[in-house]
Amino acid sequence: MRRKLSKAERQQVYKKCAGHCAYCGCGLEYKAMQVDHMKPLHIGGLDAMSNMLPACRSCNHYKGTLDVEGYRRYLAGISHRLMRDSIQFRTAVRFGLVRHMGDDVTFYFERCGEGEQESEG
Ligand SMILES: [Zn+2]
């Protein structure tokens, strides 16, 4: 059961990625932050600070009920699905308007996690 976070706890989650979405890295207003459970509660994730990350609305929506690796696999498959399903995308690739840059997904929290000495742009 998800409990309501105190204001201090919400601020603690927000600070984890210094005002960025933990997944895509976009700048995040405090009020717009959604608290994501890395391992969702319904598959046994803990409703604890160690399992919480700040997320933008879009990432929280698309991650949905997936865990971190599930979300990574979902994202890594996007270009394949576009090539399969979207004539516009295939056309854009054919004309060099869009280029496939790879399917490796590194989340923002994985890049910033150890690099706390790095200054924020
Ligand atoms: Zn995001």
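Residues numbered from 1 in each chain as written. Predicted model: local features only at pLDDT ≥ 70, side-chain atom pairs only at ≥ 80, totals over all residues. Heavy atoms only, no water.

**Notes on the environment of Val13**
Structurally, the position occupied by Val13 is in helix α1 (residues 7-15). Using a relative accessible area of 0% as the deciding quantity, one classes Val13 as buried. Between the C-alpha atom of Val13 and that of Met33, which follows or precedes it by 20 residues, the distance is 9.2 Å. The contacts of Val13, once residues within four sequence positions are left out, are Leu5, Met33, Val35, Met49, Met52, Leu53 and Pro54. (Helix = DSSP H or I, 4+ residues; strand = E, 2+ residues; numbered from the N terminus. Buried < 20%, exposed > 50% of the residue type's maximum accessible area, 1.4 Å probe, protein only. Contact = heavy atoms within 4.5 Å.)

**A look at the coordination of the zinc ion**
For the zinc ion, the protein coordination sphere consists of Cys21 (SG), Cys24 (SG), Cys56 (SG) and Cys59 (SG), at 2.3 to 2.4 Å. Note that the zinc ion binds 4 donor atoms; their angles at the metal cover 106 to 113°, and the shape is tetrahedral. Relative accessible area serves as the criterion here: at 6%, Cys59 is assigned to the buried category. (Donors = N, O, S within 2.8 Å, 3.2 Å for Na, K, Ca; no water. Tetrahedral: all angles 85-135°; square planar, octahedral: opposite > 155°, others 65-115°.)

**Considering a nonpolar patch on the surface**
A cluster of nonpolar side chains, Phe95, Leu97 and Val98, forms an exposed patch at the surface whose accessible area comes to about 340 Å². Structurally, Leu97 is set in the loop between α5 (87-94) and α6 (108-112). (Patch = residues over 30% accessible without salt bridge, like charges linked within 9 Å, V, L, I, M, F, W, Y side chains within 5 Å. Areas by Shrake-Rupley, 256 points an atom, 1.4 Å probe, with all protein chains shown as cover. Salt bridge = Lys/Arg side-chain N within 4 Å of Asp/Glu carboxyl O.)

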